[in-house]
Amino acid sequence: MPDPVLYLQAMGFAAFASAMLIFIVVGAVHPVTLKWMNVASVLAIGLGLVVGYGLLAFRLNWPPANGLDRLLLVIVPATLVLELIVSCWSEPRRIAWLMRFFLAAAIPRILLPGSVHLDGFHGEARLLLKPVAELIACSVLLAGTWRMLSWLSERSGGCSIPLALALTIQCTGLTIMMAGYIKGGAATFPLTATLVATTLAASLAVKRSSITATIGIGMVELFGILFIGRFFGRISTGFALTMLVTPLLCWVSEFPTLRHRKPWLVGAVRLLLVAIPLIAALVLAKLDFDRAMTPLLGQLINV
Amino acid sequence: MSMRRNFLDLARAAVVGTILCAAGQLGYAADEYAYDLVHSSVSFKARHLDISWIHGRFNEVDGKFSLDRENPSKSTFELTIKADSVDTANKARDEHLRQPDYFDTKQFPTIEFKSTSTKVIEGGYEVTGDFTMHGKTKKVTLVLKGGKEHLFKDVKRVAFSTELSLKRSDFGFDKNAIGPIGDEAIILIDCEGMRK
């Protein structure tokens, strides 16, 4: 059963752990370069996730038995390691993106083993077409949104992009919970808290910088949660696609009329633009939840 | 000449003997039965808030068993339940049960039992086998009551009933998601088989 107090505790401790690690690095390293901040951000997110999931008492299976196990035990650690490597050896950038695209291509395949979605892989060739097409489309979508958001972050920087990403992850989690997959939704609380805390703490240390590591980790987490919600839970393809591309609304700030405004205004516009579809999605999810829960709780609709 | 005749007689006797032996063996061979979905059911019940029982059933089940009356230890039983077919007479609850917090039917589409040993007991069989649910396999022992044969429209039928109590947490169900539904579930199987 959902336990809001436990979720808030997990978020608080995860955020605290992430922020403290950033501050320790800032205090220990002089000067704090962007490279150092990327490395610290990756480590801070990793630490925050361990603390958050520890408090939630998440029981994960090894070897991974389901989609969430594979996301939290394989994909998120792989992304953290990848971003750590890329942060340490950032040149040449093409190699870094090649590694990221390789990971993006592998993620959908890693999340689905043993499920009914890959039944076609053991049957006739014509049955193979649908799952293969779905896997390719998912990988392309992840790689595309990841590249676009990182590009925007490199162009104009600021903390509003990872914050918009965190907002989207949290709304996705709440929607997945309301669709009946409580553990899947609960998994987003530590993710959001660490992402927000790391971003805010890092922005205090390095002004107007683009911490691409947080974008990458956030994007993979958002994709992973949506993918699990779509393929193992009950969220629709349309909803999953909407949530995945919602952070791209941050690109609206690149219009000439907005681009050269004050950073806080640009950030606020980005967050506002991303929040609008997210609120609409949450309202729709709540209506669906009420419709589904009424018969489940045995309430009488027409008294 | 006489030696040749003796040899041919011996060969004939060997052939006839082999055929008779084979026929004898066929007479004792196990009967194969297919699960009759129309006259069988797999249902379950679990506690709600520890004060009442919720009942449900699985609508899509398949299985087979072979009964060797002469050598019962050679009898085998297999059952495959489609987890997606869970039915508790409440559509919203069924949808919820299919989610990854419960049966996770997209990841674990079937619940299976496959016997590994069988022995005769009074009024039926004691069957030990591998029970796989939610991706976890555990050894369970079923006490199958029944086994009475009935010929109906030239088809031989045999039926068994059993009840199995298990803890969902033993099969990898998340304790945090167990909530108001009790950890223990009782599965009731009434199976009628038609001889193939």
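Everything numeric in this text was worked out from a predicted model, so none of it was measured. (Residues numbered from 1 in each chain as written. Chains lettered and ligands numbered in written order. Predicted model: local features only at pLDDT ≥ 70, side-chain atom pairs only at ≥ 80, totals over all residues. Heavy atoms only, no water.)

## A look at the environment of Leu56 of chain A
By the element assignment, Leu56 of chain A lies in helix H2 (residues 34–56). Sequence spacing of Leu56 of chain A and Leu98 of chain A is 42 residues, and the spatial spacing of their C-alpha atoms is 35 Å. (Helix = DSSP H or I, 4+ residues; strand = E, 2+ residues; numbered from the N terminus.)

## A short note on the interface of chain B and chain A
Many structure descriptions define interface size as the accessible area lost when the parts assemble. Taken together, the contacts link 23 residues of chain B with 26 residues of chain A. Carbon and sulfur atoms make up 48% of the area that chain B and chain A hide from each other, which totals about 1900 Å². Contact with chain A buries area across many residues of chain B, yet Gln99, Lys106 and Gln107 of chain B alone supply 32% of it, more than any other trio. Counting across the chain B and chain A interface gives 1 salt bridge. Along the contact surface separating chain B from chain A lie 7 residue pairs in polar contact (both at pLDDT 80 or more). Secondary-structure elements contributing two or more residues to the side of chain B that touches chain A are helix H2 (91–98) and helix H3 (175–178) of chain B. Broken down by element, the residue count for the side of chain B that touches chain A peaks at 4 residues, all from H2 of chain B. Among the residues forming the side of chain B that touches chain A, the class breakdown is 7 nonpolar, 9 polar and 7 charged. (Contact = heavy atoms within 4.5 Å. Buried area = accessible area lost by both parts, 1.4 Å probe. Salt bridge = Lys/Arg side-chain N within 4 Å of Asp/Glu carboxyl O. Polar contact = N/O pair within 3.5 Å; in protein donor to acceptor, adjacent residues only side chain to side chain. Nonpolar A, V, L, I, M, F, W, Y, C, P; charged D, E, K, R; others polar.)

## Regarding the packing of aromatic side chains
Counting across every chain of the model gives 17 aromatic pairs over all chains. Centre to centre, the rings of Trp97 of chain A and Trp146 of chain A are 6.1 Å apart; their planes meet at 70°, and the pair counts as edge-to-face. Taken together, the residues span a long stretch of sequence, with Trp97 of chain A in helix H4 (residues 93–111) and Trp146 of chain A in helix H5 (residues 125–156) at a distance of 49 residues. Here the two residues Trp97 of chain A and Trp146 of chain A agree in accessibility, since each one is buried. A centroid spacing of 5.1 Å and a plane angle of 15° characterise the contact between Tyr33 of chain B and Phe65 of chain B, whose relative ring orientation is stacked. Taken together, the residues span a long stretch of sequence, with Tyr33 of chain B in strand S1 (residues 31–35) and Phe65 of chain B in strand S4 (residues 61–67) at a distance of 32 residues. (Phe/Tyr/Trp six-rings, centres within 6.5 Å; stacked < 30°, edge-to-face > 60°. Buried < 20%, exposed > 50% of the residue type's maximum accessible area, 1.4 Å probe, protein only.)

## Examining a positive patch on the surface
On the surface, Arg59 of chain A together with Lys136, Lys138, Lys167 and Lys175 of chain B cluster together into a patch of positive charge. Considering the arrangement of structural elements, one finds Arg59 of chain A in the loop between H2 and helix H3 (67–88). A relative accessible area of 34% places Arg59 of chain A in the partly exposed class. (Patch = residues over 30% accessible without salt bridge, like charges linked within 9 Å, V, L, I, M, F, W, Y side chains within 5 Å. Areas by Shrake-Rupley, 256 points an atom, 1.4 Å probe, with all protein chains shown as cover. Lys, Arg positive; Asp, Glu negative; His and termini not counted. Charge placed at Lys NZ, Arg CZ, Asp CG, Glu CD.)

## Focus: helix H9 (residues 212–231) of chain A
In this model, H9 of chain A (20 residues) spans 28 Å end to end at C-alpha, consistent with the 28 Å of a helix rising 1.5 Å per residue. Extensive coverage of H9 of chain A is indicated by the burial of 19 of its 20 residues. (Expected span 1.5 Å × (residues − 1).)

## A short note on the pairing of strand S10 (residues 155–167) of chain B
Residue and element names in this part refer to chain B. Relative to S10, strand S9 (residues 136–152) runs antiparallel, the two being bridged by 6 bridges. Pairing of Phe152 across the sheet is with Val155, part of S10. Of the pairings in the sheet, the one linking S10 to strand S11 (residues 181–195) comprises 11 bridges and is antiparallel in character. Note that in S11 the partner of Arg157 across the bridge is Met194. (Pairing = 2+ DSSP bridges.)

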